[in-house]
Amino acid sequence: MNIKKLTATVVAGLTLATVTFSATGVSANSYTVKSGDSLWKIANEKNISIDELKSLNKLSSDVIQTNQTLQLSKTDATYTVKTGDSIWKIATKKQVTEQNLKSWNNLSTDIIFPGQVLKLTGSDVPVAQEAAPKATEAAPQATTPKAEQTTPKVEKTAPTTPAAAPKAEQAAPKAEQAAPKAEQAAPKAAAPKVEASNNSASGRQITVQATAYDAVSLGGRTASGHLVTSTSEKVIAVDPSVIPLGSTVYIPGYGTAVARDTGGAIQGNIIDLNMSTAEAVQWGRQTVTVTVK
């Protein structure tokens, strides 16, 4: 009896270990469909695109079945950055340190972009001092040059006001000599002054396509490293080549927000507004003229 009990105990222990190992493997690279799931819901929860999810599982439509097992990735050797990702979020998900993740990919800052492929393996860096020279060498990769490219656009509009000023000054002596000439010159001098004051007050205006997303449900950590803790926080995702990160942007119908995030689909004149999922559905996709300060 004792031998049988011992054998049964050992077999049960090995079976439990096997089940635990298998469950861990499934949770890392696959997902079992539950009642009420959809491709959109699973893609958001697992932080991958719907197209990638369908491609991995060779799906020709959005139809899925309960208890169906879906593959979530091809390999763990690399990771493709997605909208809402951050160094902290990826390191936590892949169970590596932020320091190693940055070292393996020669990153000097926490800034990453959707579509960027990161290595998940390499030589560990236990001492922080070893990473310091890499940060110095990688400094040219920062996004500062993009912000500098937009500066000349603002400077080009500045001469508009001074150019109009001499015309107004030249018109003043003429007004003393002949009343009809003063009346004709007045409208020309007034129009540029009003336009210049509007530009300085409102900032740079551009027309964009505005969509919405729930940054909190995607982890809260933005591409700039900022942690979003509420869906009411005015944070937007932008294309840094159009609107530099850190810019203050006024959006009609949404309010004044700060550009802190990026996104794989946020290319060109497109922005993404942080709000709750229900509000995002109501917002949809709108064409708006925003003011960048």
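Rules of the game
Residues numbered from 1 in each chain as written. Predicted model: local features only at pLDDT ≥ 70, side-chain atom pairs only at ≥ 80, totals over all residues. Heavy atoms only, no water. Helix = DSSP H or I, 4+ residues; strand = E, 2+ residues; numbered from the N terminus. Buried < 20%, exposed > 50% of the residue type's maximum accessible area, 1.4 Å probe, protein only. Contact = heavy atoms within 4.5 Å. Areas by Shrake-Rupley, 256 points an atom, 1.4 Å probe, with all protein chains shown as cover. Core = buried A, V, L, I, M, F, W, Y, C linked by side-chain atoms within 4.5 Å. Pairing = 2+ DSSP bridges. Axes fitted to C-alpha atoms, helices over the stretch in contact; angles between N-to-C directions. Phe/Tyr/Trp six-rings, centres within 6.5 Å; stacked < 30°, edge-to-face > 60°. Lys NZ or Arg CZ within 6 Å of the ring centre and 35° of its normal.

Draft legend 1. Main features of the overall build of the protein. Helix and strand counts for the protein come out as 10 helices and 10 strands. Counting across all 293 residues of the protein, residues that qualify as buried make up 31%. Restricting the contact set of the protein to residue pairs at least 6 apart, pairs at least 24 apart contribute 65%. For the protein, the exposed area adds up to about 17600 Å²; of that, 57% sits on carbon and sulfur atoms.

Draft legend 2. Focus on the nonpolar core. Within the largest apolar cluster, 20 residues are counted, with the highest numbers of intra-cluster contacts made by Ile236, Ile243, Ile251, Tyr254, Ile271, Leu273 and Val290. Those elements that provide at least two residues to this core are strand 5 (204–213), strand 7 (248–251), strand 8 (255–261), strand 9 (270–274), helix 10 (277–283) and strand 10 (286–292). Residue contacts for Ile271: discarding those within four places in its chain leaves Val208, Gln209, Ala210, Thr211, Ala237, Val238, Ile243, Ile251, Ile266 and Val290.

Draft legend 3. Representation of the sheet that holds strand 8. Spatially, the 6 strands close up into a barrel ordered 5-9-6-8-7-10, and their pairing is mixed. Across the sheet, the axes of successive neighbouring strands diverge by a mean angle of 45°, strand direction being ignored. The pairing of strand 5 with strand 9 spans 5 bridges and is classified as parallel. What sits directly across from Thr211, in strand 9, is Asp272.

Draft legend 4. Expanded view of the packing of aromatic side chains. What the rule picks out here adds up to 0 aromatic pairs. One Lys or Arg, Arg221, reaches over the ring of Trp88 and ends 5.2 Å from the middle of that ring. Its guanidinium or amino end placed over the ring of Tyr254, Lys234 lies 4.2 Å from that ring's centre, counting from NZ or CZ.

Draft legend 5. Layout of the environment of Leu53. On the secondary structure map, Leu53 appears in helix 3 (residues 50–56). Looking at Leu53, the relative accessible area reads 0%, which means it is buried. Separated by 11 residues in sequence, Leu53 and Ile42 have C-alpha atoms that sit 8.8 Å apart.

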